[in-house]
Amino acid sequence: VQLQASGGGLVQAGGSLRLSCAVSGHTFNRQTVAWFRQSLGKEREFVAAIRWSGHTYYADSVEGRFTISKDNAKTTVYLLMNSLRSEDTAVYYCAADPSIILSSIRMYSQHDYWGQGTLVTVSS
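Below, the structure is looked at part by part. Just so we're clear, the structure is a prediction, and the values are computed from it rather than from any experiment. (Residues numbered from 1 in each chain as written. Predicted model: local features only at pLDDT ≥ 70, side-chain atom pairs only at ≥ 80, totals over all residues. Heavy atoms only, no water.)

Focus: the environment of L79
In step 1: Within the secondary structure layout, L79 lies in strand 8 (residues 76-81).
In step 2: Accessibility expressed as a relative area gives 0% for L79, which makes it buried.
In step 3: Taking the C-alpha atoms as reference, L79 lies 16 Å from I105; in sequence the two are 26 residues apart.
In step 4: In contact with L79, not counting residues within four places along its chain, are L17, R18, L19, W35, V47, A48, F66, T67, I68 and Y92. (Helix = DSSP H or I, 4+ residues; strand = E, 2+ residues; numbered from the N terminus. Buried < 20%, exposed > 50% of the residue type's maximum accessible area, 1.4 Å probe, protein only. Contact = heavy atoms within 4.5 Å.)

Description of the nonpolar core
What tends to happen in soluble globular proteins is that the nonpolar side chains get buried as a cluster.
In step 1: Ranked by internal contacts, the top residues of the largest apolar core, which has 36 residues, are W35, L79, M81 and Y92.
In step 2: Breaking this core down by element, the ones donating at least two residues are strand 1 (2-6), strand 3 (17-24), strand 4 (32-38), strand 5 (45-50), strand 7 (66-71), strand 8, strand 9 (90-97) and strand 11 (118-123). (Core = buried A, V, L, I, M, F, W, Y, C linked by side-chain atoms within 4.5 Å.)

Quick word on the state of the cysteines
In step 1: Applying the stated criterion across every chain yields a total of 1 disulfide.
In step 2: Disulfide partner of C21: C94, at an S-S distance of 2.2 Å. One quick way to see it: the torsion about the S-S bond of C21 and C94 is about 75°, and its sign makes the bridge right-handed. Of this pair, C21 sits in strand 3 while C94 sits in strand 9, and the two are 73 residues apart along the sequence. As far as the burial class goes, C21 and C94 line up, both buried. (Disulfide = S-S within 2.5 Å.)

As for the pattern of salt bridges
In step 1: On inspection of all chains with the given rule, the structure shows 3 salt bridges.
In step 2: Linking E45 and R37 is a salt bridge whose minimum nitrogen-to-oxygen distance equals 2.6 Å.
In step 3: Residue classification places R37 among the buried residues on the basis of a relative accessible area of 5%.
In step 4: The network of salt bridges with common partners includes R37, E45, R65 and D88. (Salt bridge = Lys/Arg side-chain N within 4 Å of Asp/Glu carboxyl O.)

Here's the deal with the sheet that holds strand 8
In step 1: Spatially, 4 strands are ordered 1-3-8-7 in an open sheet, and the strand pairing comes out antiparallel. Two strands bound the open sheet, and with one partner strand each, they are strand 1 and strand 7. Neighbour to neighbour, the strand axes of the sheet diverge by 15° on average, direction disregarded.
In step 2: By the bridge criterion, 5 bridges tie strand 1 to strand 3 in an arrangement that is antiparallel. Bridge assignment links Q4 to a residue of strand 3, and that residue is A22. (Pairing = 2+ DSSP bridges. Axes fitted to C-alpha atoms, helices over the stretch in contact; angles between N-to-C directions.)

Here's what the structure looks like:
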């Protein structure tokens, strides 16, 4: 499975960005795809995930501000980020796994395939 993350950039606090994760190399509609982020000096943390069924999951810190979605025809997962805050500044990574169990979705060590990351910088 190959993943290509894009869409990062510099945005002012309160603004919006949409990240994309293009997935190839495996049956897309059977994948669970997740977004994680890592800021300087911190551990990689879970942001959001979408199961093959369409069920979505969010970290408490982004619930209500971020929306994860997918386009099966384009084999792409999106992360729409609204009301961005300075603490959202991080490198964002997408991860995919066709067999991850629900209880492991929020654990970065349990995802098998990773994209290269895209930097999001929120200026205050």
